[in-house]
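# Observations on the model geometry
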Amino acid sequence: MLKRKIYSELVKWKNTKSRECLLVKGARQVGKTFIIEQFGKEHYSSYIYLNFYKNPEHKEIFGGSLEAEEIYKKISLYVNNVQFLEHDTLIFLDEIQDCPNARTALKFLAIDDRYDVIASGSLLGLHYKEMASIPVGYERTMEMFSLDFEEFLWGVGKNEQTISTLREYFDRKEKVPPMLHDQFISLLREYMVVGGMPEVVNRFLESNNYQEAYATQKKIMESYQEDIKHYATTQIRQKISDCYHSIPRQLAKEYTKFQYKVVSRDGNARRYENCLNWLVDAGMIKMCVNVSTPLFPLIAYEKPEQFKVYVTDIGLLTSLYGYDTQVALLKDTLTGPAKGGIYENLVFDMLLKRGFTLNYFRNDRNTQEIEFLYVHDGQVIPVEVKAKNGATVSLNTFISEYAPPYAYKLVSGNLGVSDTKITLPLYMAILI
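These lines cover the structure that appears in this document, whether it is placed above or below. This one's a predicted model, so the numbers in the text were calculated from it and none came from an experiment.

## Quick notes on the sheet that holds strand β1 (residues 21-25)
- Strands sit in the order β2-β3-β4-β1-β5 across an open sheet of 5 strands; the sheet is parallel. The sheet is open, and its two borders are formed by β2 (46-51) and β5 (139-143), each paired with just one other strand. Sheet twist, expressed as the mean angle between neighbouring strand axes with direction ignored, is 20°.
- Seen against the sheet, helix α4 (residues 100-112) touches β1, β3 (89-94), β4 (116-121) and β5 and runs at an angle of roughly 150° to β1.

Rendered as structure tokens:
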């Protein structure tokens, strides 16, 4: 069974909540249902599960009055063998995007506060107009992603002590011993290919077969296509798919900014903007916006019309390039701009799952670019990504002009320090 960090967050919510429900959002098949069900069965004497996608009749529970007492009464009508134990029952409302009234009802269930309630879903933003009201102040939101690299390491058998040893080298800013470094670089390449979707990771661990992992990724991609057909309007279904499948080409450019003309020859923002928003809402992609000036607060200098798009699971991204590309990544024989774009997405994946809000900076004067910026203690920290070791003209210029307290260069090589510039092996992105 895969260990997930969000489990401890669920426990913390249970122990600290006060008149609030929990809403767990995220892309399909990242493990939301599994982990919440595990949590419910281990921490409550009574666990009640409703799924509005698999069991559309469950929507009837929220079809009339949304008073808590009426909802509990109807749950007992529609769900067999339910037991309501005060302060020892978890009600799990799964696929809540299919029942907007249930989302509205979270307010009344939170006020009642006799039983704990967790809701889960994706594409929640698409259903705001169908809701009578949003339960502001009565729900806490968590976003769940596929396994991050550290969780992947746990899955393949690396214990906390091994990762703690790595953290010690990071803290002391010392080179990692060559044998350990080579091992983690190899595991990182494996993560690039397998990714973090739980079904893919489990299939890989069971079979020890990269082709089986790839086949499972393709199956997940097919299910995403079904979601597009199910939830998107007829007018934009194909456009959404076209945008998503253009990402490998977007990241293979020298400058990886998203360009609508890469989606189609006559592409423009008016035609495709809503499609990207749909993909963001589905949790399938995230955007990283350029800033005109790399100063705090970054949001004040964002240029919303200039952005990059990254897939939220690195394994799904590499599967879009095809199995032969995955093999080349594992063997480290891939060359060209596509490799740089894949490594960009890898670092974005790792930092996103660490909870960072990321921007990038492209200097209009000299076209030099810093892949990622984030804020720490009111200071803007630059992160440059290199698929291999190489010159860092952009980062050196940035340090000279903006004097950050420190700057990171992520490479396939080992750790090193030069004044405020810290060179880290790519796998150490999980420790930033």
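## Brief notes about the packing of aromatic side chains
- What the rule picks out here adds up to 26 aromatic pairs.
- Both rings, one in F258 and one in F307, keep their centres 5.8 Å apart while their planes meet at 15°; by these two values the pair is stacked. Of this pair, F258 sits in the loop between α11 (247-251) and α12 (260-263) while F307 sits in strand β7 (residues 302-311), and the two are 49 residues apart along the sequence. Of the two residues, F258 and F307, neither departs from the other in class, the shared state being buried.
- On the numbers, 6.4 Å between centres and 75° between planes, the contact of Y260 with F307 is edge-to-face. In this pair, Y260 sits in helix α12 while F307 sits in strand β7, placing the two residues 47 residues apart along the sequence. With respect to class, Y260 is no different from F307; both count as buried.
- Within the aromatic cluster, the residues linked to one another by ring pairs are F258, Y260, Y272 and F307.
- Across from the ring centre of Y44, 5.0 Å away, lies the NZ or CZ of K14, which sits over that ring.

## Here we look at the pairing of strand β13 (residues 421-425)
- Of all the 5 residues making up β13, 5 are buried; the element is thus mostly covered by neighbouring parts of the structure.
- Neither face of β13 is open: one carries K421, T423 and P425, the other I422 and L424, and all of them are buried.
- Here strand β11 (residues 407-411) runs beside β13; their pairing, made up of 5 bridges, is parallel. Note that in β13 the partner of A407 across the bridge is K421.
- Where strand β12 (residues 416-418) meets β13, 3 bridges bridge the pair, whose relative direction is antiparallel. Bridged to V417 within β13 is I422.
- From the end of β12 to the start of β13, which pair antiparallel, there are 2 residues, and D419 there has a positive phi angle of about 55°.

About the criteria used
- Residues numbered from 1 in each chain as written.
- Predicted model: local features only at pLDDT ≥ 70, side-chain atom pairs only at ≥ 80, totals over all residues.
- Heavy atoms only, no water.
- Pairing = 2+ DSSP bridges.
- Helix = DSSP H or I, 4+ residues; strand = E, 2+ residues; numbered from the N terminus.
- Axes fitted to C-alpha atoms, helices over the stretch in contact; angles between N-to-C directions.
- Contact = heavy atoms within 4.5 Å.
- Phe/Tyr/Trp six-rings, centres within 6.5 Å; stacked < 30°, edge-to-face > 60°.
- Buried < 20%, exposed > 50% of the residue type's maximum accessible area, 1.4 Å probe, protein only.
- Lys NZ or Arg CZ within 6 Å of the ring centre and 35° of its normal.

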